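# Descriptive structure summary
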Amino acid sequence: MNYDLREICKDIRCDIMTSIGHLGVGHIGGCLSVVEALAVLYFKEMNIDPKRPQMPGRDRFVCSKGHAGPAVYATLANRGYFDKKELLTLNQGGTNLPSHCDMNRTPGVDMTTGSLGQGFSCAVGVALGAKLADDGATVYAMIGDGESQEGQIWEAAMFAAAKKLDNLIAFTDYNKQQIDGTVAEVNDIAPLAEKWAAFGWNVIDVEDGNDIEQVEQAVEHAKLGRDSGMPTMIILNTLKGCGVQWIVDLGSGNHNTNISEEQAAAAVREIRGED
Amino acid sequence: MEMRAVYAACLAELMEKDKRVLVLDADLAKASGTLGLYEKFPKQMFDCGVAEQNMASIAAGLSSYGFKPWIETFTPFATRRICDQIAISVAYAKQNVKIVGTDPGIAAELNGGTHMSLEDIGVLRSIPGMVIFEPVDDVQLRAAMPVLDAYEGPVYVRLFRKELPTVFGPDYKFDLFKADAIRQGKDLSIFVSGLLTADAVEAAERLAAEGVDAELINIHTIKPIDRETVLASARKTGAVLTVENHNIVGGLHSAVLEALAAERIPVCAVGVEDRFGEVGKLPYLRQAMGLTVENIVAGAKKALSLK
């Protein structure tokens with residue numbers, strides 16, 4: 001089935017705003033910046049079956065920046081893993097949708113993440129598992145730019161290249177913002193592409209990681225490297241808060257933001273182009 | 001036979017039988033006695049290099065794919081160094097990873113204070129779902145390995161690498177969650193784990209020669225502790241001594257105290273008195289840390305005097 005990915009992105013963004021707006025607070029900025037990548041993976045590239053979330057041999061996605069959980073849940077709900085109504089239970093006591101991704105709670109979530117750096121190593125382990133099982137699965141992972149300050153990221157990077165895990169395609173959500181300021185100010189990770197190349201990765205630098213066509217092309221290109229013996233890092237130059245201007249304008253303040261239901265409703269109109 | 005040789009032979013059997021069993025190293029396969037297995041099991045053994053955090057989380061990823069990974073390194077790196085990875089990637093995510101820490105406590109000997117983990121049990125004991133197992137001899141280790149493999153969930157194995165005196169006989173039956181009575185007695189209960197078990201046996205014999213009838217129980221699984229056995233023995237004898245190659249804060253002593261918190265029974269301790277380790281050979285370290293047979297005899301008499 002061919003989906004209109006632009007419309008899917010709008011749906012996911014609206015559901016992120018509605019679910020976090022219903023709660024009143026959440027990691028809005030870093031959810032909105034990864035929407036295009038999630039849409040391309042779950043609605044085009046990944047071999048998955050929402051009716052069989054544990055399907056053997058399926059492609060996997062590890063959201064190592066676990067605080068983008070609400071974006072993952074909005075994507076999964078739109079893809080049919082569970083009812084969209086459940087999105088309104090986000091972060092409520094007893095929910096299946098906790099702030100950070102939990103593989104034991106949410107259908108479709110492949111790995112528990114939240115302690116930054118660890119999910120990426122887990123993804124490397126999953127990719128190694130897929131190689132050993134020889135089932136042809138591709139493993140995708142999303143890491144944050146602030147998360148890239150964790151030493152464990154680079155331990156995993158070294159190992160994945162050394163073990164030639166070319167079934168691993170990772171993304172960096174390079175939105176240039178973290179909690180205490182810009183990434184450049186706090187502890188600069190630049191030059192990022194050069195770092196990944198130096199670690200033995202095939203690197204694809206996407207100028208606009210919130211442009212659906214550019215993300216699609218990058219993933220297609222990455223898949224060509226399936227037998228290259230090298231894992232691929234797709235650096236997505238994104239906008240933290242993309243799609244909702246006042247969130248973008250908060251800058252580093254949009255990492256974890258208070259929001260009213262009225263503000264969320266206005267954001268939905270903005271995303272839909274109704275204002 | 002060295003404990004690591006038994007351990008490696010058991011791992012080889014498990015890997016032979018089940019291709020899902022994997023072993024991950026952090027540049028200490030040689031020390032763990034498993035380096036020789038790389039040739040025979042090239043698709044089941046992986047050296048992650050000096051990157052323990054990565055090793056632990058990779059193991060969790062492999063477990064999520066249906067594999068049964070064992071990770072191994074020196075005790076301090078297998079526990080305090082990767083505490084968060086064990087807590088989140090492994091335990092919180094409910095992954096089936098076996099964690100083997102070698103050279104626990106004073107066994108680190110010439111590697112000294114930096115490598116002498118006297119807190120590893122305490123570090124991991126507060127993580128929900130962790131099983132903490134410390135084998136006392138080759139017989140118990142051999143019996144335990146297939147049981148650990150069959151158990152689904154995270155287990156920390158606190159493994160002395162070298163030769164240990166054999167405590168258990170050929171008819172020994174192992175239950176991961178049941179403590180083993182080595183000697184029945186009526187005057188006091190000695191609960192011992194790991195390296196000091198053989199010393200406790202000797203101490204119990206000396207006590208017997210002095211007319212003190214000590215019950216000696218090996219607590220091989222410190223978490224979850226066998227409360228039933230601990231309570232029954234303590235209630236029977238009315239005095240308790242714990243003996244461990246670990247800080248008395250957070251280890252076996254703490255676990256026994258928790259089990260006996262509601263009882264009016266004195267509990268004394270032979271263990272490391274909340275201090276860091278230091279370099280030296282075992283005889284020196286036993287003296288310096290207060291972990292000798294004489295310390296155990298004296299501790300038992302103190303517990304008796306408090307009855």
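Each chain carries its own residue numbering, running from 1 in the written order of its sequence. Chain A is the first chain written and ligand 1 is the first ligand written, with later ones labelled in order. Residue-level local features of this predicted model are given only where pLDDT is at least 70; pairs of side-chain atoms are given and counted only at 80 or more, and the full residue set underlies all totals for whole chains, interfaces and linings. Side-chain metrics in this entry use all non-hydrogen atoms of the structure; hydrogen atoms and water are not considered.

What follows deals with the interface of chain B and chain A. Contact residues are listed per partner, giving 25 residues for chain B and 26 residues for chain A. Computed with a 1.4 Å rolling probe, the buried area is the accessible surface lost when two parts are put together, summed over both parts. Buried surface at the junction of chain B and chain A, summed over both partners, amounts to about 2,100 Å²; 60% is from carbon and sulfur atoms. We define a salt bridge as a side-chain nitrogen of Lys or Arg found within 4 Å of a carboxyl oxygen belonging to Asp or Glu. Put simply, chain B and chain A have zero salt bridges between them. Within 3.5 Å is the distance limit for a polar contact, defined as a pair of N or O atoms, with the added protein rule that one can donate a hydrogen and the other accept it, and that residues adjacent in sequence qualify only through two side-chain atoms. Joining chain B to chain A, the criterion identifies 13 residue pairs in polar contact (both at pLDDT 80 or more). Starting at the N terminus, helices and strands are each numbered in turn, a helix being any DSSP run of H or I of at least four residues and a strand any DSSP run of E of at least two. Sorting the residues of the side of chain B that touches chain A by element identifies strand 2 (45-47), helix 4 (52-64) and helix 6 (83-92) of chain B as the ones contributing at least two each. Counting residues per element, the side of chain B that touches chain A draws most heavily on helix 4 of chain B, which supplies nine residues. Only Asp, Glu, Lys and Arg are considered charged, only Ala, Val, Leu, Ile, Met, Phe, Trp, Tyr, Cys and Pro nonpolar, and every remaining residue, Gly among them, polar. Looking at the side of chain B that touches chain A residue by residue, the classes come out as 12 nonpolar, eight polar and five charged. Note on contacts: a residue pair is in contact if any heavy atoms of the two residues lie within 4.5 Å.

So, about unusual backbone geometry. Note the cis peptide between A190(A) and P191(A), where omega equals -5°. Along the polypeptide, P191(A) turns up in the loop between helix 7 (183-187) and helix 8 (192-198). Geometrically, the link from K223(B) to P224(B) is a cis peptide bond, its omega value of -10° lying close to zero. Residue placement: P224(B) occurs in the loop between strand 10 (221-223) and helix 10 (227-237). In this structure, N91(A) is a non-glycine residue whose phi angle is positive, near 65°.

This part covers the pairing of strand 8 (residues 188-192) of chain B. If a strand is regular, its side chains alternate between the two faces of the sheet. All names here are of chain B. Think of it in three bands: residues with accessible area under 20% of the maximum for their type are buried, residues over 50% are exposed, and the middle band is partly exposed, with areas taken using a 1.4 Å probe on protein chains only. Burial within strand 8 is extensive, with five of its five residues counted as buried. The two faces of strand 8 match: L188, I190 and V192 on one face and S189 and F191 on the other face are all buried. Here, a strand pair is defined by DSSP locating no fewer than two bridges between the strands. Bridging between strand 8 and strand 9 (residues 214-218) involves five bridges; their strand directions are parallel. Note on strand 9: the bridge partner recorded for I190 is L216. The definition of a right-handed crossover adopted here requires that, viewed with the strands pointing away, the path from the first strand over the helix to the second runs clockwise. A crossover links strand 8 with its parallel partner strand 9, the connecting element being helix 9 (residues 197-209), and its sense is right-handed. Taken together, the four bridges between strand 8 and strand 11 (residues 240-247) define a ladder with parallel strand orientation.

All names here are of chain B. A sheet is described by the order of its strands in space; here five strands give the open sequence 7-9-8-11-12, paired in mixed fashion. In the strand order of this sheet, the two ends are held by strand 7 (180-183) and strand 12 (267-272), each with one partner. Strand after strand, the sheet turns through a mean of 25° between neighbouring axes, direction not considered. A fitted line through C-alpha atoms represents every axis, and for helices the fit uses only the stretch in contact; the resulting angles, taken between N-to-C directions, go from 0 to 180 degrees.

What follows deals with the pattern of salt bridges. Two side chains of opposite charge can pair, provided their charged atoms sit close to one another. Within this structure, the stated rule accounts for 38 salt bridges over all chains. With a shortest N-O distance of 3.4 Å, K178(B) and E228(B) are connected by a salt bridge. Of this pair, K178(B) sits in the loop between strand 6 (155-159) and strand 7 while E228(B) is found in helix 10, placing the two residues 50 residues apart along the sequence. Looking at E228(B), the relative accessible area reads 59%, which means it is exposed. Of the charged contacts, one joins E294(B) and R206(B) as a salt bridge, the two residues approaching to 3.0 Å between their closest N and O atoms. With E294(B) in helix 13 (residues 293-305) and R206(B) in helix 9, this residue pair connects regions lying 88 residues apart in the sequence. Residue class for E294(B) comes out partly exposed when judged on its relative accessible area of 44%. Within the structure, one salt-bridge network assembled from shared partners comprises K44(A), E45(A), E216(A), E220(A) and K223(A).

Once that is clear, we can look at the domain arrangement of chain B. Residues and elements named next belong to chain B. Start and end positions for the domains come from either an automated domain assignment or a database one. Its domain assignment divides chain B into domain 1 (3-159) and domain 2 (180-305). With 27 residues of domain 1 at the interface, the matching set in domain 2 holds 32 residues. Roughly 2,300 Å² of surface becomes buried between domain 1 and domain 2 when both sides are summed, with 57% attributable to carbon and sulfur atoms. Together, I106, L118 and R125 form the three largest contributors to the area buried by domain 1 at its contact with domain 2, with a combined 34%. The residue R125 makes a salt bridge to E258 at a minimum N-O spacing of 2.8 Å. At the boundary of domain 1 with domain 2, the tally comes to 21 residue pairs in polar contact (both at pLDDT 80 or more). For the side of domain 1 that touches domain 2, the elements supplying multiple residues, two or more each, are helix 7 (120-125) and strand 5 (131-133). No other element matches helix 7, which puts four residues into the side of domain 1 that touches domain 2.

All names here are of chain A. Reading across from one edge, 2-3-4-8-7 is the order of the five strands in this open sheet, with parallel pairing throughout. Only two strands of the sheet have a single neighbouring strand rather than two, namely strand 2 (60-63) and strand 7 (202-206). Ignoring strand direction, the axes of neighbouring strands in this sheet form an average angle of 20°. By the bridge criterion, six bridges tie strand 3 (residues 139-144) to strand 4 (residues 168-174) in an arrangement that is parallel. Residue pairing in the sheet places G144 in a bridge with D173 of strand 4.

All names here are of chain A. Two cysteine sulfurs form a disulfide in these notes if their separation is within 2.5 Å. Within this structure, the stated rule accounts for zero disulfides over all chains. Here C63 is not cross-linked by a disulfide; its sulfur's nearest cysteine counterpart is in C101, at 4.7 Å. By relative accessible area, which is 4% here, C63 ends up buried.

Residue and element names in this part refer to chain A. Over its 19 residues, helix 1 (residues 5-23) extends 27 Å from the first C-alpha to the last, a length consistent with the 27 Å expected when each residue adds 1.5 Å. Near the N-terminus of helix 1, the side chain that reaches the backbone nitrogen of R6, with its oxygen 3.2 Å away, is that of D4. Two residues or fewer past helix 1, G24 is found with a positive phi of approximately 110°. A helix is expected to reach a length of 1.5 Å times the quantity of its residues less one.

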